[in-house]
Amino acid sequence: MILVADAGSSKTHWSLIDNKEIISTRTQGINPVLMNKNIIYEILQTDSLLNPKKQNINTIYFYGAGCSDNSLQENIKTALRKYFPNANINVFSDLYGAARSLFHNTSGIACILGTGAGCCRYDGKQITQRSPSLGFILGDEGSGAFFGKELLKRFFYGRLPKNLEDKLLQKHKIEKKEVLSRIHQQKAPGKYLAEFCYFLDENKNDSYIKKMIEDGLKEFIETHVMDLQPKPNEKIKVTGSVGWFFKDILYTTVKQYGLQIDKIIQSPINGLVDYHQKEIHGNNNQ
């Protein structure tokens, strides 16, 4: 049995490959930057699908946010080894997972636009160039956390139009003390901020919100994609909930830079399962 995981700060998708059968489940997000190995182990224990299968899983491919650093990878490996004692464990960055999912063994520029954001050039086997990953406080332009932070700033600074301010207050109880506590003192602040993207999605046809989304996506393109100096006709593909929900705006916005997005998917997990299935059968040559 092979277990494939795609982990972000908001949620973790798990897919178990048992011959030709695929069994999928979901747990809360796993990010070694935000949690230690004990917390990660506790999250694994919460899933009823993984528990009865854990002794039979022999290989794990874990792709996750915060997993580009070797020491943080070790936190994941320690928790996985404890829970899956018979498995050979492989841990990779979420950006590498996005590239494998989107391109398999072909080349291009892979982008993540989810709770966080990232961008890299992939040669079909390895990441050869990437934009810096600074997290939601310093970076992650165009991400869910970025947009949530921007929306809350405009609300507290009194810059939202009155109709949008009223709509936001109807949907969320927003008090300055509570918001600052959630961001500075509680777990998973990026996930909390990204939840405000649902409000943006519901109101993306409003001219003010649409402009706000366009501006945020431009920051992503200018900061991350253009930093890689895309070649003419080089394929650009995107994964992540923000890219998916705002795909119409993203397709239009990227054309302003003389670029074209070849594909947008909501989650990389299905592409990763497909990649590893083809790898098993020796025909992964897409």
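Let us look at the structure shown here.

Cut-offs used in this document
Residues numbered from 1 in each chain as written. Predicted model: local features only at pLDDT ≥ 70, side-chain atom pairs only at ≥ 80, totals over all residues. Heavy atoms only, no water. Helix = DSSP H or I, 4+ residues; strand = E, 2+ residues; numbered from the N terminus. Phe/Tyr/Trp six-rings, centres within 6.5 Å; stacked < 30°, edge-to-face > 60°. Buried < 20%, exposed > 50% of the residue type's maximum accessible area, 1.4 Å probe, protein only. Axes fitted to C-alpha atoms, helices over the stretch in contact; angles between N-to-C directions. Parallel < 35°, antiparallel > 145°, perpendicular 65-115°, else oblique. Left-handed = near helix turned anticlockwise from the far one by under 90°. Contact = heavy atoms within 4.5 Å. Nonpolar A, V, L, I, M, F, W, Y, C, P; charged D, E, K, R; others polar.

Here we come to unusual backbone geometry. Residues other than glycine seldom take positive phi values, yet H104 does so here, at roughly 50°. Position of H104 among the secondary structure elements: in the loop between α4 (94-103) and β6 (108-113). Despite not being glycine, N233 has its phi angle at roughly 65°, a positive value. Along the polypeptide, N233 turns up in the loop between α11 (207-225) and β9 (236-239).

Under the criterion given, the structure shown has ten aromatic pairs. Here the aromatic rings of F92 and Y96 are separated by 5.3 Å at their centres, their planes lie at 50°, and the arrangement is tilted. Note on Y96: relative accessible area 9%, which makes it buried. Ring geometry for F147 and F246: centres 5.9 Å apart, planes at 90°, overall edge-to-face. Here F147 is found in helix α6 (residues 144-156), whereas its partner F246 is found in the loop between α12 (241-245) and α13 (247-255), with 99 residues between them in sequence. Residue classification places F147 among the buried positions, given a relative accessible area of 1%. The class of F246 is buried, set by a relative accessible area of 2%.

The next thing to look at is the packing of α6 against α11. Packing of α6 against α11 leaves a shortest axis separation of 11 Å and a crossing angle of 135°. As the angle between them shows, α6 and α11 are arranged oblique. Along this stretch, α6 crosses α11, giving a crossing that reads as right-handed. Judged by residue contacts, F146, F147, E150, L151 and R154 of α6 engage Y208, M212, I213, G216, L217 and E219 from α11. Of the residues contributing to the contact of α6 with α11, the split by class is seven nonpolar, one polar and three charged.

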